[in-house]
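Summary of the model geometry
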Amino acid sequence: MNWTPAALSQDIPSGSAAPGQLGDKDIVIWRSASGRIAAWSDRCPHRGMRLSHGFVRGEFLSCIYHGWRYGDGGQCHRIPAHPELTPPEAIKVPVFAVVESGGIVWVAEKDAEPADLPMEFAGFASFRTIRTTVPASIVAAAFGCTGLELRGTLGGTDVVLLLQPLTDGCNLHVLAADGTGPDQLDRVSVAVEALRRQAESVQEFAA
Amino acid sequence: MNGGAMRDQWYPVAIAAQLPQKGRDSLLLGEPIHIATDETGGARVTDGAGRILPIISRYGHIWTSLGQPEQDLFPIPEADQPGRRLVDVGSVKVRCSPLRAVENFLDIAHFPFVHTDILGSEPHTEVERYEVEIRDDVDEVWATKVKFYQPQAAKSAQGGITTEYMYRVPSPTCSILYKTSPPRPGEWDVITLFVQPLTEETCEVWPWMALFDDDSSMTDMIHFQQMIFVQDRSILENQIPALLPLDPGKEIPTRADMTSIAYRRWLKRHGYTYGAQLVAA
């Protein structure tokens, strides 16, 4: 299995958590106060609450429901209802392998991560992610390509589009050529949204 | 026929004082029902085939059943006690299992995190040991001697107090909470959560209260309770799985969850499994 681009690094600032997906699994991607990135199952083992609704303090992610606090390796460190208790080791959130490179957060199944690091896209910088309900294959076709890693131009700028299949559509992670100015990036934005609309209309037509 | 053993229970479907003049379609245990006003101004509830269903008008609500209830609706003696104000809070539709909605109502450990600075606040997060039992004579789940520090326990509260609670589960989708009344510390305020199971993963929640509070306006008391419940909804619609797991192992409880553990055990014992997950998926 390959690394999956799950988010852009810039969209997960220190001290924040966001929902994501790896295949059909819901994950939480979060970054500690010191900047460490992590990808875990998006479910607190206590009462099933999504951890992506939780809050980050220091190097820990806490569930918003009862404040159960999790750290390195998904281990539970604190149960606020029982402040004196050392939580048993069995209370642990399943974790995923995660690597950041080129401004992208790459995720893979733990202990099944690819031997090679994720591909790097020299000369490109991560720009933005947009989500669509259309499958990756239709988005690629609308861009005149196949596959999940597309190269071409949008709004007059050279781009790389990384498509991340989701259970109900896909994410388009957009990388723009280094040195692209703000006005040009605006045109890339307009063009990628047009691409999305085009793909969505293709899907509606097919339906 | 949906609902199994839960088919013969009573469920709230409308506020008695706010009957729909033109009728209203709803669901009960996944089956269509229709709530209307009859010629005399009373409530009439029918099923999808037009059959008139039994009704009870009590505790501010119209109750009905798709089955044959063997018992009258559970008693709430405090409802008739003089000096209480009876508050029809209204309804909130929630995309969650009706059983998850009740379990959340039985939980106090979430107060500091979900109802921050109202029903709880850090660092006052500890849940002290309390008592839980299934009372066989009345066949109800009871939790007593529950204590918790609350910054603003009710609309009528002035500043933080340690509130004492008792919880009762007299039917699979209803719970009654007794809590220290801020203006009358010797008495219990009564707050209920009456849940109408629409489907296994959606419900209509009808909170109702019988409070000692001579000062707050009805609007303020309703808004306070609705605000609390909207905070709960942000949790309830984001639990995985949507169904309440009754088999041990799928979720990890602690001592603070003794009421929830007893509730799940009681549901399983009676086969009250509409909205529950039995085999760990």
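On a predicted model such as this, the values are computed, not experimentally measured, just so you know.

1. Description of helix α2 (residues 182–206) of chain A
All names here are of chain A. For α2, built from 25 residues, the straight-helix expectation of 36 Å at 1.5 Å per residue is met to within 8% by its first-to-last C-alpha distance of 36 Å. Buried within α2 are the following residues: Val-188, Ser-189, Ala-191, Val-192, Leu-195 and Ala-199. Looking at the packing, one finds that the buried side of α2 touches β11 (124–132), α1 (136–142), β12 (149–154), β13 (157–166) and β14 (169–177).

2. Notes on the UniProt feature "domain: Vanillate O-demethylase oxygenase-like C-terminal catalytic" (unreviewed entry) in chain B
Sequence positions flagged by UniProt for "domain: Vanillate O-demethylase oxygenase-like C-terminal catalytic" (unreviewed entry) are, in local numbering, residues 94–269 of chain B. Each end of residues 94–269 of chain B is marked by a C-alpha atom, and these two atoms are 26 Å apart; helix forms 24% of the span and strand 36%.

3. What to know about the sheet that holds strand β1 (residues 4–8) of chain A
All names here are of chain A. One open sheet accounts for six strands, arranged β1-β10-β9-β4-β3-β2; its pairing is antiparallel. Across the chains shown, the open sheet's two edge strands, defined by having one partner strand only, are β1 and β2 (16–22). Each strand axis lies, on average, 30 degrees off the axis of its neighbour in the sheet, ignoring direction. One ladder, built from seven bridges, connects β2 with strand β3 (residues 25–31); its direction is antiparallel.

4. Focus on the packing of aromatic side chains
Taken as a whole and judged by the stated rule, the model has 16 aromatic pairs over all chains. Aromatic side chains Trp30(A) and Trp40(A) sit 5.1 Å apart centroid to centroid with 75 degrees between the ring planes, which places their arrangement in the edge-to-face category. With Trp30(A) in strand β3 and Trp40(A) in strand β4 (residues 37–41), the pair connects residues that are ten residues apart, well separated along the chain. Judged on exposure class, the residue Trp30(A) and its partner Trp40(A) are both buried. Ring plane angle 80 degrees and centroid distance 6.5 Å describe the contact between Trp40(A) and Tyr70(A), whose orientation is recorded as edge-to-face. Taken together, the residues Trp40(A) in strand β4 and Tyr70(A) in strand β7 (residues 69–70) connect sequence positions 30 residues apart. With respect to class, Trp40(A) is no different from Tyr70(A); both count as buried. Three or more aromatic residues joined by ring pairs make a cluster, and in this case those are Tyr59(B), Trp63(B), Phe74(B), Phe194(B) and Trp208(B). Against the face of Phe60(A) rests Arg69(A), its NZ or CZ located 5.6 Å from the ring centre. Residue placement shows Arg135(B) over the ring face of Trp142(B); its charged tip is 4.0 Å from the ring centre.

5. Quick word on the sheet that holds strand β3 (residues 31–37) of chain B
All names here are of chain B. Pairing in this open sheet of three strands is antiparallel, and the strands run β2-β3-β4 from one edge to the other. On the outer flanks of this sheet lie β2 (24–28) and β4 (43–47), each paired with one strand and no other. Averaged over all adjacent pairs, the angle separating strand axes in this sheet is 30 degrees, with direction ignored. Here β2 runs beside β3; their pairing, made up of five bridges, is antiparallel. Of the residues in β3, the one forming a bridge with Asp-25 is His-34.

6. Details of the interface of chain A and chain B
Across the boundary between the two partners, chain A contributes 25 residues, which contact 28 residues of chain B. Summed over both sides, the interface between chain A and chain B buries roughly 2,200 Å², with carbon and sulfur atoms accounting for 53% of that surface. The largest share of the area that chain A buries against chain B comes from Arg47(A), Tyr65(A) and His82(A), three residues that together contribute 33% of it. Linking chain A with chain B are four salt bridges. A salt bridge links Glu251(B) to Arg43(A), with the shortest nitrogen-to-oxygen separation between them at 3.5 Å.

7. Brief notes about the pattern of salt bridges
In the structure shown here, the tally under the stated rule is 26 salt bridges over all chains. Here Glu109(A) makes a salt bridge to Lys25(A), at a shortest N to O gap of 3.0 Å. Highlighted residues: Glu109(A) in the loop between β10 (104–108) and β11 and Lys25(A) in strand β3, separated in sequence by 84 residues. A residue is classified by how much of its surface remains accessible, and Lys25(A), at 37% relative accessible area, is partly exposed. Residues joined by salt bridges that share partners form a network here, namely Arg43(A), Arg47(A), Arg100(B), Glu103(B), Glu251(B) and Arg264(B).

8. As for the domain arrangement of chain A
Residues and elements named next belong to chain A. The domain architecture assigned to chain A consists of domain 1 (4–108) and domain 2 (124–206). Each of domain 1 and domain 2 was reduced to a C-alpha centroid, and the two centroids are 28 Å apart. Listed by partner, the interface residues are 14 residues for domain 1 and eleven residues for domain 2. Across the interface of domain 1 and domain 2, roughly 930 Å² is buried in total on both sides, 53% from carbon and sulfur atoms. When the buried area of domain 1 at its contact with domain 2 is split by residue, Pro-5, Leu-8 and Gln-21 rank highest and sum to 51% of it.

Procedures and definitions
Residues numbered from 1 in each chain as written. Chains lettered and ligands numbered in written order. Predicted model: local features only at pLDDT ≥ 70, side-chain atom pairs only at ≥ 80, totals over all residues. Heavy atoms only, no water. Helix = DSSP H or I, 4+ residues; strand = E, 2+ residues; numbered from the N terminus. Expected span 1.5 Å × (residues − 1). Buried < 20%, exposed > 50% of the residue type's maximum accessible area, 1.4 Å probe, protein only. Contact = heavy atoms within 4.5 Å. UniProt positions renumbered as here; feature names shortened; annotations may be inferred. Pairing = 2+ DSSP bridges. Axes fitted to C-alpha atoms, helices over the stretch in contact; angles between N-to-C directions. Phe/Tyr/Trp six-rings, centres within 6.5 Å; stacked < 30°, edge-to-face > 60°. Lys NZ or Arg CZ within 6 Å of the ring centre and 35° of its normal. Buried area = accessible area lost by both parts, 1.4 Å probe. Salt bridge = Lys/Arg side-chain N within 4 Å of Asp/Glu carboxyl O. Domains from an automatic or database assignment.

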